[in-house]
Amino acid sequence: MKTGRLVVVGAGIGGLTAAALLLKSGWRVTVLEAGTYPGGCAGTFSHKGYRFDAGATLAGGFDPSGPHTRIAELLGLDWPVTPIRDAAWVTHLPEQSVHQWVDTERWRAEYLTKFPYSARFWRKQEQLAKIAWDISTRDFPWPPASLGEALRLPLALRPQTFLAAPYVFSKIRHLLPRETRPDFKAFVDGNLLISAQAISDEADALYGASVLDLPRRGVMHVRGGMGAIAETLVNWIRANGGEVLYRQRVTGLETVNGRVRAALTSKEKRFEADVFLANLTPWALETLIDRGKAKLRPYTRNLPEMWGAFVVHAGVRAADIPQSITHHHVIVDVNHPLGEGNSVFISLSALNDPARAPDGMRAAILSTHTRVRDWQSLYEQSPAAYEERKAEYTERVLSAAERALPGFRAAAELVLPGTPHTYEFYTRRPLGMVGGFPQKSLLAARGPQTGLRNLWLVGDSIFPGQSTAGVTLGTIRVAKLVNRDSIFEIG
(Lines give C-alpha, C1' and ligand atoms only; values in the text may rest on other atoms or scores of the structure.)
Protein backbone atom coordinates (compact mmCIF):
# COMPACT_ATOMS: atom_id res chain seq x y z
CA MET A 1 0.00 0.00 0.00
CA LYS A 2 1.40 3.39 -0.99
CA THR A 3 0.72 6.47 1.11
CA GLY A 4 1.40 10.13 0.56
CA ARG A 5 -0.17 13.51 1.09
CA LEU A 6 -3.98 13.75 1.35
CA VAL A 7 -6.09 16.93 1.23
CA VAL A 8 -9.75 16.81 2.23
CA VAL A 9 -12.04 19.64 1.16
CA GLY A 10 -14.77 20.07 3.77
CA ALA A 11 -14.96 19.04 7.44
CA GLY A 12 -18.28 17.22 7.29
CA ILE A 13 -18.69 13.77 8.82
CA GLY A 14 -17.57 12.14 5.56
CA GLY A 15 -14.46 14.27 5.16
CA LEU A 16 -13.39 13.94 8.78
CA THR A 17 -14.02 10.18 8.93
CA ALA A 18 -12.00 9.65 5.76
CA ALA A 19 -9.23 11.89 7.07
CA ALA A 20 -9.03 9.94 10.33
CA LEU A 21 -9.05 6.52 8.66
CA LEU A 22 -6.37 7.47 6.14
CA LEU A 23 -4.27 9.23 8.77
CA LYS A 24 -4.27 5.98 10.73
CA SER A 25 -3.15 4.21 7.54
CA GLY A 26 -0.09 6.44 7.25
CA TRP A 27 -1.26 9.31 5.05
CA ARG A 28 -0.23 12.89 5.80
CA VAL A 29 -3.60 14.57 6.14
CA THR A 30 -4.88 18.15 5.89
CA VAL A 31 -8.58 19.03 6.11
CA LEU A 32 -9.64 22.42 4.73
CA GLU A 33 -12.91 23.85 6.08
CA ALA A 34 -14.47 27.13 4.99
CA GLY A 35 -16.43 27.64 8.20
CA THR A 36 -15.50 28.10 11.82
CA TYR A 37 -16.77 24.75 13.14
CA PRO A 38 -16.87 21.19 11.82
CA GLY A 39 -19.72 18.91 10.80
CA GLY A 40 -21.32 20.76 7.88
CA CYS A 41 -24.99 19.80 7.78
CA ALA A 42 -24.34 17.53 10.78
CA GLY A 43 -22.67 20.34 12.71
CA THR A 44 -23.80 22.34 15.74
CA PHE A 45 -23.57 26.12 15.97
CA SER A 46 -23.77 28.44 18.97
CA HIS A 47 -26.25 31.32 19.28
CA LYS A 48 -27.20 33.27 22.42
CA GLY A 49 -26.24 30.45 24.75
CA TYR A 50 -27.82 27.68 22.65
CA ARG A 51 -26.12 24.91 20.71
CA PHE A 52 -28.36 24.33 17.70
CA ASP A 53 -27.92 21.44 15.28
CA ALA A 54 -27.44 22.88 11.80
CA GLY A 55 -29.26 20.07 10.00
CA ALA A 56 -29.12 16.44 11.05
CA THR A 57 -30.60 15.90 14.53
CA LEU A 58 -30.91 12.13 14.88
CA ALA A 59 -27.88 9.86 15.29
CA GLY A 60 -28.20 6.19 14.36
CA GLY A 61 -25.70 3.50 13.45
CA PHE A 62 -24.29 3.00 16.95
CA ASP A 63 -25.50 -0.60 17.31
CA PRO A 64 -22.79 -3.25 17.89
CA SER A 65 -22.13 -3.74 14.15
CA GLY A 66 -23.05 -0.18 13.13
CA PRO A 67 -20.70 2.10 11.19
CA HIS A 68 -20.08 4.54 14.05
CA THR A 69 -19.26 1.68 16.38
CA ARG A 70 -16.80 0.29 13.85
CA ILE A 71 -15.10 3.67 13.49
CA ALA A 72 -14.76 3.97 17.27
CA GLU A 73 -13.13 0.54 17.39
CA LEU A 74 -10.80 1.27 14.47
CA LEU A 75 -9.63 4.59 15.88
CA GLY A 76 -9.84 3.81 19.59
CA LEU A 77 -12.10 6.74 20.41
CA ASP A 78 -15.24 7.23 22.49
CA TRP A 79 -18.29 8.98 21.08
CA PRO A 80 -20.10 11.43 23.39
CA VAL A 81 -23.39 9.55 23.11
CA THR A 82 -26.08 8.14 25.36
CA PRO A 83 -28.47 5.39 24.17
CA ILE A 84 -32.10 6.24 23.56
CA ARG A 85 -34.00 3.62 25.55
CA ASP A 86 -37.63 4.44 24.83
CA ALA A 87 -38.85 5.76 21.48
CA ALA A 88 -36.53 7.04 18.75
CA TRP A 89 -39.38 9.36 17.78
CA VAL A 90 -43.16 9.64 17.82
CA THR A 91 -45.14 10.16 14.62
CA HIS A 92 -48.22 12.28 15.25
CA LEU A 93 -50.99 11.55 12.73
CA PRO A 94 -54.29 13.48 12.77
CA GLU A 95 -56.11 10.75 14.71
CA GLN A 96 -53.37 8.85 16.56
CA SER A 97 -49.71 8.90 17.56
CA VAL A 98 -47.34 6.04 16.75
CA HIS A 99 -44.22 5.43 18.84
CA GLN A 100 -41.10 4.21 17.05
CA TRP A 101 -39.93 2.11 19.98
CA VAL A 102 -36.27 1.12 20.06
CA ASP A 103 -37.13 -2.31 21.46
CA THR A 104 -38.16 -4.65 18.62
CA GLU A 105 -40.90 -6.49 20.52
CA ARG A 106 -42.38 -3.28 21.80
CA TRP A 107 -42.38 -1.89 18.24
CA ARG A 108 -44.18 -4.98 16.94
CA ALA A 109 -46.86 -4.57 19.59
CA GLU A 110 -47.19 -0.93 18.58
CA TYR A 111 -47.75 -1.51 14.87
CA LEU A 112 -50.10 -4.43 15.51
CA THR A 113 -52.17 -2.14 17.73
CA LYS A 114 -52.11 0.96 15.54
CA PHE A 115 -52.10 -0.74 12.11
CA PRO A 116 -53.31 -4.34 12.68
CA TYR A 117 -53.65 -5.04 8.95
CA SER A 118 -49.98 -4.19 8.30
CA ALA A 119 -48.29 -7.21 9.93
CA ARG A 120 -47.28 -8.84 6.64
CA PHE A 121 -45.71 -5.60 5.41
CA TRP A 122 -43.58 -5.21 8.52
CA ARG A 123 -42.47 -8.84 8.45
CA LYS A 124 -41.21 -8.38 4.89
CA GLN A 125 -39.64 -5.04 5.78
CA GLU A 126 -37.77 -6.62 8.70
CA GLN A 127 -36.54 -9.48 6.49
CA LEU A 128 -35.22 -7.13 3.80
CA ALA A 129 -33.76 -4.73 6.34
CA LYS A 130 -31.82 -7.55 8.01
CA ILE A 131 -30.31 -8.51 4.64
CA ALA A 132 -29.45 -4.90 3.77
CA TRP A 133 -27.82 -4.14 7.11
CA ASP A 134 -25.93 -7.45 6.99
CA ILE A 135 -24.48 -6.51 3.61
CA SER A 136 -23.46 -3.10 4.97
CA THR A 137 -21.28 -4.72 7.65
CA ARG A 138 -19.19 -6.25 4.86
CA ASP A 139 -18.67 -2.94 3.04
CA PHE A 140 -20.57 -3.92 -0.08
CA PRO A 141 -18.82 -1.70 -2.71
CA TRP A 142 -21.83 -0.47 -4.64
CA PRO A 143 -21.72 0.71 -7.34
CA PRO A 144 -18.17 -0.56 -7.98
CA ALA A 145 -15.74 2.26 -8.69
CA SER A 146 -12.79 0.16 -9.78
CA LEU A 147 -11.89 -3.26 -11.13
CA GLY A 148 -10.74 -4.24 -7.67
CA GLU A 149 -14.13 -3.39 -6.20
CA ALA A 150 -15.96 -5.27 -8.94
CA LEU A 151 -13.90 -8.36 -8.19
CA ARG A 152 -14.68 -8.04 -4.48
CA LEU A 153 -18.44 -7.77 -4.92
CA PRO A 154 -19.06 -11.55 -4.68
CA LEU A 155 -17.18 -11.66 -1.35
CA ALA A 156 -19.91 -9.55 0.25
CA LEU A 157 -22.68 -11.97 -0.70
CA ARG A 158 -24.12 -14.73 1.45
CA PRO A 159 -26.81 -17.34 0.67
CA GLN A 160 -29.43 -15.26 2.50
CA THR A 161 -28.52 -12.24 0.36
CA PHE A 162 -30.21 -13.85 -2.63
CA LEU A 163 -33.55 -13.79 -0.81
CA ALA A 164 -33.60 -10.09 -1.67
CA ALA A 165 -33.11 -10.70 -5.41
CA PRO A 166 -36.85 -10.58 -6.30
CA TYR A 167 -37.02 -7.06 -4.84
CA VAL A 168 -34.11 -5.45 -6.69
CA PHE A 169 -36.47 -3.62 -9.05
CA SER A 170 -39.27 -3.10 -6.52
CA LYS A 171 -40.46 -0.01 -4.69
CA ILE A 172 -41.74 0.10 -1.13
CA ARG A 173 -45.25 0.61 -2.54
CA HIS A 174 -45.09 -2.95 -3.91
CA LEU A 175 -44.83 -4.23 -0.33
CA LEU A 176 -47.73 -2.24 1.08
CA PRO A 177 -51.04 -3.96 1.92
CA ARG A 178 -53.37 -4.20 -1.06
CA GLU A 179 -55.86 -1.80 0.47
CA THR A 180 -53.54 0.64 2.19
CA ARG A 181 -55.31 3.26 4.26
CA PRO A 182 -54.27 6.92 3.93
CA ASP A 183 -53.00 7.15 7.51
CA PHE A 184 -50.77 4.09 7.15
CA LYS A 185 -49.37 5.21 3.80
CA ALA A 186 -48.69 8.67 5.22
CA PHE A 187 -46.92 7.07 8.19
CA VAL A 188 -44.69 4.95 5.94
CA ASP A 189 -44.12 7.83 3.50
CA GLY A 190 -43.18 10.20 6.29
CA ASN A 191 -40.62 7.84 7.75
CA LEU A 192 -39.14 7.16 4.31
CA LEU A 193 -38.92 10.84 3.48
CA ILE A 194 -36.89 11.47 6.63
CA SER A 195 -34.18 8.97 5.72
CA ALA A 196 -34.53 7.97 2.05
CA GLN A 197 -35.68 11.37 0.73
CA ALA A 198 -38.42 9.61 -1.25
CA ILE A 199 -41.92 8.30 -0.45
CA SER A 200 -43.13 4.72 -0.96
CA ASP A 201 -44.19 5.32 -4.57
CA GLU A 202 -40.54 5.93 -5.51
CA ALA A 203 -38.31 4.61 -2.73
CA ASP A 204 -36.22 1.54 -3.53
CA ALA A 205 -37.57 -1.48 -1.66
CA LEU A 206 -34.25 -2.69 -0.21
CA TYR A 207 -32.94 0.73 0.76
CA GLY A 208 -36.35 1.78 2.04
CA ALA A 209 -36.66 -1.34 4.17
CA SER A 210 -33.31 -0.62 5.79
CA VAL A 211 -34.10 2.99 6.71
CA LEU A 212 -37.50 2.02 8.11
CA ASP A 213 -35.45 -0.07 10.54
CA LEU A 214 -33.32 2.89 11.67
CA PRO A 215 -35.04 3.33 15.07
CA ARG A 216 -33.82 -0.14 16.00
CA ARG A 217 -30.25 0.47 14.81
CA GLY A 218 -28.49 2.13 17.71
CA VAL A 219 -30.06 5.59 17.93
CA MET A 220 -28.38 7.90 20.41
CA HIS A 221 -28.53 11.26 22.11
CA VAL A 222 -25.33 13.11 21.22
CA ARG A 223 -24.21 15.14 24.22
CA GLY A 224 -23.66 18.73 23.21
CA GLY A 225 -25.48 18.29 19.90
CA MET A 226 -24.82 16.41 16.65
CA GLY A 227 -21.70 18.48 16.02
CA ALA A 228 -19.97 16.70 18.90
CA ILE A 229 -19.48 13.72 16.55
CA ALA A 230 -17.47 15.90 14.17
CA GLU A 231 -15.65 17.60 17.06
CA THR A 232 -14.59 14.19 18.37
CA LEU A 233 -13.10 13.35 14.98
CA VAL A 234 -11.30 16.71 14.76
CA ASN A 235 -9.74 16.16 18.17
CA TRP A 236 -8.59 12.66 17.16
CA ILE A 237 -7.08 13.88 13.88
CA ARG A 238 -5.16 16.69 15.57
CA ALA A 239 -3.99 14.44 18.42
CA ASN A 240 -2.58 12.00 15.85
CA GLY A 241 -0.65 14.49 13.75
CA GLY A 242 -3.21 15.57 11.16
CA GLU A 243 -4.33 19.11 10.35
CA VAL A 244 -7.85 20.55 10.39
CA LEU A 245 -7.80 24.17 9.24
CA TYR A 246 -10.83 26.45 9.56
CA ARG A 247 -11.58 29.60 7.51
CA GLN A 248 -9.81 27.97 4.57
CA ARG A 249 -12.43 28.17 1.82
CA VAL A 250 -11.26 26.27 -1.23
CA THR A 251 -11.83 28.41 -4.30
CA GLY A 252 -10.33 26.12 -6.92
CA LEU A 253 -8.70 22.79 -7.66
CA GLU A 254 -5.75 22.98 -10.00
CA THR A 255 -5.74 20.09 -12.46
CA VAL A 256 -3.11 18.73 -14.82
CA ASN A 257 -3.54 15.75 -17.18
CA GLY A 258 -6.69 14.46 -15.55
CA ARG A 259 -5.40 14.76 -12.00
CA VAL A 260 -5.74 17.34 -9.25
CA ARG A 261 -2.43 18.88 -8.29
CA ALA A 262 -3.37 21.48 -5.67
CA ALA A 263 -6.22 23.07 -3.73
CA LEU A 264 -6.32 26.87 -3.75
CA THR A 265 -7.97 28.81 -0.93
CA SER A 266 -9.47 32.25 -0.45
CA LYS A 267 -6.47 33.14 1.70
CA GLU A 268 -4.25 32.66 -1.36
CA LYS A 269 -2.76 29.47 0.01
CA ARG A 270 -1.92 26.46 -2.12
CA PHE A 271 -2.09 22.90 -0.80
CA GLU A 272 -0.48 20.23 -2.96
CA ALA A 273 -1.29 16.56 -2.45
CA ASP A 274 -1.26 13.15 -4.09
CA VAL A 275 -4.93 12.42 -3.40
CA PHE A 276 -7.90 14.72 -2.81
CA LEU A 277 -11.28 14.01 -1.23
CA ALA A 278 -14.21 16.39 -1.66
CA ASN A 279 -16.86 16.43 1.06
CA LEU A 280 -19.08 18.38 -1.32
CA THR A 281 -22.07 17.95 -3.59
CA PRO A 282 -21.22 17.32 -7.25
CA TRP A 283 -22.47 20.80 -8.15
CA ALA A 284 -20.25 22.43 -5.55
CA LEU A 285 -17.29 20.39 -6.74
CA GLU A 286 -17.90 21.42 -10.33
CA THR A 287 -17.42 25.09 -9.42
CA LEU A 288 -13.90 24.33 -8.14
CA ILE A 289 -12.48 22.50 -11.13
CA ASP A 290 -10.87 24.32 -14.05
CA ARG A 291 -9.91 22.08 -16.95
CA GLY A 292 -11.63 19.14 -15.29
CA LYS A 293 -15.06 20.73 -15.74
CA ALA A 294 -15.58 18.99 -19.06
CA LYS A 295 -15.54 15.67 -17.20
CA LEU A 296 -17.99 16.70 -14.48
CA ARG A 297 -20.56 18.69 -16.45
CA PRO A 298 -22.26 15.75 -18.22
CA TYR A 299 -22.55 14.10 -14.80
CA THR A 300 -24.06 17.07 -12.98
CA ARG A 301 -26.31 18.05 -15.88
CA ASN A 302 -28.30 14.83 -15.54
CA LEU A 303 -28.44 14.64 -11.76
CA PRO A 304 -31.79 14.99 -9.97
CA GLU A 305 -31.96 17.79 -7.45
CA MET A 306 -31.90 17.06 -3.76
CA TRP A 307 -34.50 18.37 -1.35
CA GLY A 308 -34.05 21.54 0.62
CA ALA A 309 -35.11 22.19 4.20
CA PHE A 310 -37.07 24.96 5.86
CA VAL A 311 -35.92 25.02 9.47
CA VAL A 312 -36.90 26.86 12.62
CA HIS A 313 -34.36 26.93 15.45
CA ALA A 314 -36.17 27.78 18.66
CA GLY A 315 -35.42 28.26 22.32
CA VAL A 316 -38.30 27.04 24.50
CA ARG A 317 -38.94 27.07 28.23
CA ALA A 318 -38.20 23.58 29.54
CA ALA A 319 -40.94 23.77 32.19
CA ASP A 320 -43.53 24.25 29.45
CA ILE A 321 -42.15 21.49 27.19
CA PRO A 322 -41.15 18.74 29.67
CA GLN A 323 -41.44 15.74 27.31
CA SER A 324 -38.63 13.21 27.75
CA ILE A 325 -39.00 11.84 24.19
CA THR A 326 -36.88 14.25 22.20
CA HIS A 327 -37.92 13.57 18.58
CA HIS A 328 -41.39 14.05 17.13
CA HIS A 329 -42.71 13.79 13.58
CA VAL A 330 -45.94 15.57 12.73
CA ILE A 331 -48.06 14.80 9.66
CA VAL A 332 -50.79 17.41 9.45
CA ASP A 333 -52.99 16.00 6.65
CA VAL A 334 -52.61 12.41 5.44
CA ASN A 335 -54.41 13.20 2.17
CA HIS A 336 -51.95 15.85 1.00
CA PRO A 337 -48.33 15.61 -0.18
CA LEU A 338 -45.70 15.61 2.52
CA GLY A 339 -43.16 18.33 3.05
CA GLU A 340 -43.79 22.08 2.67
CA GLY A 341 -45.06 22.26 6.25
CA ASN A 342 -47.42 19.29 5.98
CA SER A 343 -44.80 17.04 7.60
CA VAL A 344 -42.45 18.46 10.22
CA PHE A 345 -39.68 16.74 12.18
CA ILE A 346 -39.04 18.20 15.64
CA SER A 347 -35.96 17.57 17.77
CA LEU A 348 -35.58 18.78 21.35
CA SER A 349 -32.37 18.89 23.32
CA ALA A 350 -32.32 16.27 26.08
CA LEU A 351 -33.46 17.42 29.50
CA ASN A 352 -30.18 16.18 31.00
CA ASP A 353 -27.94 18.01 28.50
CA PRO A 354 -27.44 21.50 29.99
CA ALA A 355 -24.76 22.39 27.41
CA ARG A 356 -27.43 22.76 24.73
CA ALA A 357 -29.35 25.73 26.16
CA PRO A 358 -29.38 28.41 28.87
CA ASP A 359 -30.73 27.46 32.30
CA GLY A 360 -34.40 26.58 32.19
CA MET A 361 -34.49 26.37 28.39
CA ARG A 362 -34.32 23.70 25.67
CA ALA A 363 -33.03 23.94 22.11
CA ALA A 364 -35.55 22.86 19.48
CA ILE A 365 -35.07 22.27 15.77
CA LEU A 366 -38.12 22.03 13.50
CA SER A 367 -37.69 21.13 9.84
CA THR A 368 -39.79 20.35 6.78
CA HIS A 369 -38.76 19.21 3.31
CA THR A 370 -39.12 21.91 0.67
CA ARG A 371 -38.32 22.41 -3.02
CA VAL A 372 -35.24 24.58 -3.50
CA ARG A 373 -36.08 26.24 -6.83
CA ASP A 374 -39.09 28.14 -5.50
CA TRP A 375 -37.03 29.75 -2.77
CA GLN A 376 -34.21 30.67 -5.14
CA SER A 377 -36.58 32.33 -7.60
CA LEU A 378 -38.29 34.36 -4.88
CA TYR A 379 -35.00 35.44 -3.31
CA GLU A 380 -33.64 36.64 -6.64
CA GLN A 381 -36.80 38.18 -8.09
CA SER A 382 -38.85 39.45 -5.15
CA PRO A 383 -37.21 39.86 -1.74
CA ALA A 384 -40.52 41.01 -0.24
CA ALA A 385 -42.30 37.87 -1.48
CA TYR A 386 -39.40 35.79 -0.17
CA GLU A 387 -39.79 37.27 3.33
CA GLU A 388 -43.57 36.81 3.16
CA ARG A 389 -43.16 33.13 2.28
CA LYS A 390 -40.60 32.68 5.05
CA ALA A 391 -43.09 34.10 7.57
CA GLU A 392 -45.85 31.85 6.20
CA TYR A 393 -43.68 28.73 6.51
CA THR A 394 -42.65 29.72 10.03
CA GLU A 395 -46.33 29.76 10.99
CA ARG A 396 -46.92 26.38 9.30
CA VAL A 397 -44.06 24.77 11.18
CA LEU A 398 -45.00 26.28 14.54
CA SER A 399 -48.62 25.21 14.05
CA ALA A 400 -47.47 21.66 13.35
CA ALA A 401 -45.35 21.72 16.50
CA GLU A 402 -48.44 22.65 18.52
CA ARG A 403 -50.05 19.36 17.49
CA ALA A 404 -47.24 17.32 19.01
CA LEU A 405 -46.21 19.63 21.84
CA PRO A 406 -49.16 21.78 22.99
CA GLY A 407 -48.02 25.17 24.22
CA PHE A 408 -44.90 25.17 22.06
CA ARG A 409 -45.58 28.54 20.46
CA ALA A 410 -46.11 30.28 23.79
CA ALA A 411 -43.04 28.55 25.26
CA ALA A 412 -40.75 29.75 22.46
CA GLU A 413 -38.68 32.74 23.53
CA LEU A 414 -36.41 32.56 20.48
CA VAL A 415 -37.47 31.75 16.92
CA LEU A 416 -34.92 31.68 14.07
CA PRO A 417 -36.30 30.62 10.66
CA GLY A 418 -34.02 29.43 7.87
CA THR A 419 -34.67 28.64 4.20
CA PRO A 420 -32.66 26.77 1.56
CA HIS A 421 -31.02 30.12 0.80
CA THR A 422 -29.85 30.21 4.44
CA TYR A 423 -28.29 26.77 3.98
CA GLU A 424 -26.61 27.89 0.77
CA PHE A 425 -25.11 30.91 2.54
CA TYR A 426 -23.76 29.01 5.56
CA THR A 427 -22.92 25.61 4.08
CA ARG A 428 -22.11 26.70 0.51
CA ARG A 429 -24.20 23.87 -0.90
CA PRO A 430 -25.62 25.12 -4.22
CA LEU A 431 -29.29 26.07 -3.92
CA GLY A 432 -29.18 24.90 -0.30
CA MET A 433 -29.76 21.27 -1.26
CA VAL A 434 -29.37 18.93 1.72
CA GLY A 435 -29.95 15.34 2.74
CA GLY A 436 -28.51 13.49 -0.25
CA PHE A 437 -30.14 12.13 -3.38
CA PRO A 438 -33.56 10.47 -3.17
CA GLN A 439 -32.89 6.72 -3.04
CA LYS A 440 -35.20 5.52 -5.80
CA SER A 441 -33.17 2.68 -7.33
CA LEU A 442 -30.04 0.79 -6.36
CA LEU A 443 -29.21 0.62 -10.06
CA ALA A 444 -29.04 4.42 -10.11
CA ALA A 445 -26.86 4.66 -7.00
CA ARG A 446 -23.95 7.06 -7.30
CA GLY A 447 -20.39 6.13 -6.47
CA PRO A 448 -17.47 8.35 -5.41
CA GLN A 449 -15.84 8.75 -8.84
CA THR A 450 -15.39 12.26 -10.25
CA GLY A 451 -13.70 11.64 -13.60
CA LEU A 452 -10.35 12.78 -12.18
CA ARG A 453 -8.03 9.95 -11.20
CA ASN A 454 -6.98 11.18 -7.75
CA LEU A 455 -10.18 12.97 -6.68
CA TRP A 456 -13.04 11.24 -4.86
CA LEU A 457 -16.33 12.38 -3.40
CA VAL A 458 -17.37 11.61 0.16
CA GLY A 459 -20.49 12.67 2.05
CA ASP A 460 -24.21 12.35 1.41
CA SER A 461 -23.86 12.59 -2.39
CA ILE A 462 -22.50 9.05 -2.68
CA PHE A 463 -24.23 5.78 -1.88
CA PRO A 464 -25.63 4.99 0.65
CA GLY A 465 -25.98 8.70 1.27
CA GLN A 466 -28.35 9.88 3.94
CA SER A 467 -27.69 10.16 7.68
CA THR A 468 -24.36 10.15 9.49
CA ALA A 469 -24.55 6.34 9.44
CA GLY A 470 -24.96 6.24 5.65
CA VAL A 471 -22.25 8.84 5.13
CA THR A 472 -19.88 6.86 7.34
CA LEU A 473 -20.53 3.64 5.42
CA GLY A 474 -19.72 5.38 2.14
CA THR A 475 -16.60 6.90 3.64
CA ILE A 476 -15.24 3.58 4.91
CA ARG A 477 -15.55 2.34 1.34
CA VAL A 478 -13.70 5.38 -0.11
CA ALA A 479 -10.88 5.05 2.42
CA LYS A 480 -10.40 1.45 1.35
CA LEU A 481 -10.44 2.50 -2.30
CA VAL A 482 -7.66 4.99 -1.68
CA ASN A 483 -5.61 2.46 0.26
CA ARG A 484 -6.17 -0.68 -1.83
CA ASP A 485 -6.34 0.32 -5.45
CA SER A 486 -2.94 1.21 -6.86
CA ILE A 487 -4.21 3.73 -9.38
CA PHE A 488 -2.27 6.70 -8.07
CA GLU A 489 1.31 7.75 -8.69
CA ILE A 490 2.48 8.77 -5.23
CA GLY A 491 5.42 11.08 -4.66
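On a predicted model such as this, the values are computed, not experimentally measured, just so you know.

A.B. asks: When you look at the overall build of the chain in this model, what are you seeing that I'm missing?
C.D. replies: Each helix and strand in the chain was counted, giving 15 helices and 19 strands. In summary, the chain has a C-alpha radius of gyration of 22 Å against a globular reference of 23 Å for 491 residues, a match within 12%. By its C-alpha atoms, the chain is 65 × 55 × 45 Å across when sized along the principal axes. For the chain, the proportion of its 491 residues judged to be buried stands at 60%. For the chain, contacts bridging at least 24 residues in sequence account for 70% of all contacts bridging at least 6. Per element, the accessible surface of the chain, about 20,100 Å² overall, is 52% carbon and sulfur. In the chain, which carries 57 positive and 47 negative side-chain charges, the distance between the mean positions of the two groups comes to 6 Å.

A.B. asks: Can you help me understand the pattern of salt bridges in this one?
C.D. replies: When the charged atoms of two side chains lie near each other, side chains of opposite charge can form a pair. Scanning the model with the defined rule gives 21 salt bridges in all. For K185, the salt bridge is made with D201, and the minimal N-O distance between the two is 3.5 Å. One end of the pair, K185, is in helix α6 (residues 182-196); the other, D201, is in the loop between α6 and α7 (205-212), and 16 residues separate them in sequence. What makes D201 partly exposed here is its relative accessible area of 32%. The shortest N-O distance in the salt bridge between E395 and R409 comes to 2.8 Å. Taken together, the residues E395 in helix α12 (residues 383-404) and R409 in helix α13 (residues 408-411) connect sequence positions 14 residues apart. When its relative accessible area of 41% is taken as the criterion, E395 is described as partly exposed. Taken together, the shared-partner salt bridges in this structure form one network comprising E254, R261, R270 and E272.

A.B. asks: Even after reading the chapter, I still don't get the sheet that holds strand β13 (residues 275-278), so can you show me in this structure?
C.D. replies: Across a sheet, strands are paired by hydrogen bonds formed along the backbone, either parallel or antiparallel in direction. If you walk across this open sheet you meet the five strands as β9-β2-β1-β13-β19, and the pairing is parallel. For this open sheet the edge positions go to β9 (243-245) and β19 (455-457), each flanked by a neighbour on one side alone. Across the sheet, the mean angle from the axis of one strand to that of its neighbour is 20 degrees, orientation sign disregarded. Here helix α15 (residues 467-484) sits on the sheet and contacts β13 and β19; the angle it forms with β19, its principal contact strand, is near 165 degrees.

A.B. asks: How should the pairing of strand β10 (residues 250-256) be read in this particular structure?
C.D. replies: Side chains on a regular strand alternate between the two faces of the sheet. Most of β10 is tucked away: five of the seven residues are buried. Across six bridges, the pairing between β10 and strand β11 (residues 259-265) is antiparallel. Bridge assignment links L253 to a residue of β11, and that residue is A263. If you look at the hairpin formed by β10 and β11, you'll find two residues sitting between the two strands, and N257 has a positive phi there, around 55 degrees.

A.B. asks: Would you take a moment to explain the environment of T300 for this structure?
C.D. replies: Structurally, the position occupied by T300 is in helix α10 (residues 293-301). In sequence terms T300 and V482 are 182 residues apart; their C-alpha atoms lie 23 Å from each other. Once you skip the residues sitting within four places of it in the chain, T300 turns out to touch P282, W283 and E286.

A.B. asks: Please explain the nonpolar core as it appears in this structure.
C.D. replies: General note: in soluble globular proteins, nonpolar side chains tend to be found buried as a group. Residues L16, W79, L253, L277 and L455 are the most contacted members of the largest nonpolar core, which totals 65 residues. Looking at which element gives the most residues to this core, the answer is helix α1 (residues 13-24), with eight residues. Non-local contacts of L16, meaning those with residues more than four positions away in its chain, are made with A11, V31, P38, A230, L233, V234, I237 and V244. If you look at the next biggest cluster of nonpolar residues, it comprises 42 residues, including A129, W133, I172 and L206.

So, how was this worked out
- Residues numbered from 1 in each chain as written.
- Predicted model: local features only at pLDDT ≥ 70, side-chain atom pairs only at ≥ 80, totals over all residues.
- Heavy atoms only, no water.
- Helix = DSSP H or I, 4+ residues; strand = E, 2+ residues; numbered from the N terminus.
- Rg over C-alpha atoms; globule rule 2.2 N^0.38 Å.
- Buried < 20%, exposed > 50% of the residue type's maximum accessible area, 1.4 Å probe, protein only.
- Contact = heavy atoms within 4.5 Å.
- Areas by Shrake-Rupley, 256 points an atom, 1.4 Å probe, with all protein chains shown as cover.
- Lys, Arg positive; Asp, Glu negative; His and termini not counted.
- Charge placed at Lys NZ, Arg CZ, Asp CG, Glu CD.
- Salt bridge = Lys/Arg side-chain N within 4 Å of Asp/Glu carboxyl O.
- Pairing = 2+ DSSP bridges.
- Axes fitted to C-alpha atoms, helices over the stretch in contact; angles between N-to-C directions.
- Core = buried A, V, L, I, M, F, W, Y, C linked by side-chain atoms within 4.5 Å.

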